[in-house]
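Summary of structural features
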Amino acid sequence: MPLTDRLRQLRLLPVIALHQAAQAVPLGRTLIAAGLPAAEITFRTPAAAEAIRQLRAAFPAMIIGAGTVLTTDQVDQAIDAGVDFIVSPGLNPRIVQYCQARGVLMIPGVNNPSMVEQAMELGLRTLKFFPAEPSGGLSMLKAMSAVYPVSFMPTGGVSPSNVKDYLALPSVFACGGTWMVPANLVDNREWDKIGALAKEAMAAL
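A short tour of the structure in this document, coming up. (Residues numbered from 1 in each chain as written. Predicted model: local features only at pLDDT ≥ 70, side-chain atom pairs only at ≥ 80, totals over all residues. Heavy atoms only, no water.)

1. Describing the sheet that holds strand β5 (residues 105-110)
Strands in a sheet are paired, the pairing made by backbone hydrogen bonds, and the direction either parallel or antiparallel. Let me state the cut-off plainly: Strand pairing requires that DSSP identify at least two bridges connecting the strands. We count a stretch as a helix when DSSP gives it H or I for four or more residues in a row; a strand needs E for two or more, and each element gets its number in order from the N terminus. The convention used is that axes are lines fitted to C-alpha atoms, helices contributing only their stretch in contact, and that angles between N-to-C directions extend from 0 to 180 degrees.
Pairing is parallel across the open sheet formed by 8 strands, whose spatial order is β7-β6-β5-β4-β3-β2-β1-β8. Where the open sheet ends on each side, the last strands, each with one partner, are β7 (151-154) and β8 (175-177). Direction aside, neighbouring strands of the sheet carry axes that sit 30° apart on average. Taken together, the 2 bridges between strand β1 (residues 12-16) and strand β2 (residues 38-42) define a ladder with parallel strand orientation.

Have a look at this one:
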């Protein structure tokens, strides 16, 4: 099954910044037990690549993405660690083309029509709408979805209060967010609370 179809089935993608690679496996175990076997590990911390590597080794079937990827070196690190896809906050043609050359799915961030058209020119049809809420939220996404044949993953300001509204749009294949895995709970290793939040998020859908 194509990766985007697997994400469409899950509907949610937890976006996570791990400060210690040792947090990765217990977190992965928690998410899988909650029925949410997916994670976007962001390159906002030095632990990202090793965290991805440990997750992949422990859970071969888990959907694992690398987020906040800004450089070709980070692309290499992410691929070497075993990611399924790469996400960036913006649209950098050089990074997109590097990912394409390396054969990995790239989901760049866009928030206006011109960026969508640039992405389509690069052959992309799966995009991240970021930052979703500050960029006009549902009304902006509906307007863009009406004219462009692409699929979006809204991220940035998506929360339990609006996630169902985003997922109701046919153009949205999944939503990314941090509310399922709050940083303070990860740092305190409160896996039970994270599991409860993840289960709650899935049940709400």
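2. Comments concerning the pairing of β7
The criterion, for reference: Residue burial is assigned from relative accessible area. The probe radius is 1.4 Å, only protein chains are included, and a residue is buried under 20% of its type maximum, exposed over 50%, and partly exposed in between. Every crossover in which the path from the first strand over the helix to the second runs clockwise, viewed with the strands pointing away from the viewer, is termed right-handed.
Residues Ser151 and Met153 line one face of β7 and the alternating positions Phe152 and Pro154 line the opposite face, and both faces are buried. Sheet topology places strand β6 (residues 126-129) next to β7; 4 bridges connect them, and they run parallel. The partner of leucine 127 across the bridge, within β7, is phenylalanine 152. The parallel pair β6 and β7, bridged by helix α7 (residues 137-147), forms a crossover whose chirality is right-handed.

3. A closer look at the side chain of threonine 126
Definition in use: Any two residues whose heavy atoms approach within 4.5 Å are treated as being in contact.
The topology assignment puts threonine 126 in strand β6. Not counting the four nearest positions on each side in its chain, threonine 126 is found in contact with Thr4, Met106, Ile107, Pro108, Ser151 and Phe173.

4. Here we look at the pattern of salt bridges
The condition is simple: The rule for a salt bridge is simple: a side-chain nitrogen of Lys or Arg has to be within 4 Å of a carboxyl oxygen of Asp or Glu.
Using the criterion set out here, one finds 4 salt bridges in the structure. Between aspartate 76 and arginine 102 there is a salt bridge; the shortest N-O distance is 2.8 Å. Of this pair, aspartate 76 sits in helix α4 (residues 72-81) while arginine 102 is found in helix α5 (residues 93-102), placing the two residues 26 residues apart along the sequence. Taking relative accessible area as the criterion, arginine 102 reaches 36% and is therefore assigned partly exposed. The closest approach of N and O atoms between glutamate 190 and lysine 193, which form a salt bridge, is 2.8 Å. For lysine 193, a relative accessible area of 48% puts it in the partly exposed group.

5. Focus: the nonpolar core
Heads up, the rule is: The term nonpolar core refers to a set of buried residues drawn from Ala, Val, Leu, Ile, Met, Phe, Trp, Tyr and Cys, joined through side-chain atoms within 4.5 Å.
One finds Leu12, Ile41, Ile86 and Phe152 to be the most contacted residues of the largest nonpolar core, which totals 64 residues. Counting residues per element, this core draws most heavily on helix α3 (residues 48-58), which supplies 5 residues. Setting aside anything within four residues of it in sequence, one finds phenylalanine 152 in contact with Val110, Val116, Leu127, Phe129, Leu141, Met144, Ser145, Ser171, Val172, Phe173 and Ala174.

6. What about the packing of α4 against α5?
Let me state the cut-off plainly: Orientation labels follow simple angle bins: below 35 degrees gives roughly parallel, above 145 gives roughly antiparallel, 65 to 115 gives roughly perpendicular, and whatever is left gives oblique. In a left-handed crossing the near helix is turned counterclockwise from the far helix by less than a right angle, and in a right-handed crossing that turn is clockwise. Under the scheme applied, nonpolar residues are Ala, Val, Leu, Ile, Met, Phe, Trp, Tyr, Cys and Pro; charged residues are Asp, Glu, Lys and Arg; polar residues are all the others, including Gly.
Packing of α4 against α5 leaves a shortest axis separation of 10 Å and a crossing angle of 30°. When the axes of α4 and α5 are compared, the pair comes out roughly parallel. Judged by the twist between their axes, the crossing of α4 over α5 is right-handed. Here Thr72, Val75, Asp76, Ile79 and Asp80 of α4 come into contact with α5, specifically with Arg94, Ile95, Tyr98, Cys99 and Arg102. The residue inventory of the contact of α4 with α5, partitioned by class, reads 5 nonpolar, 1 polar and 4 charged.

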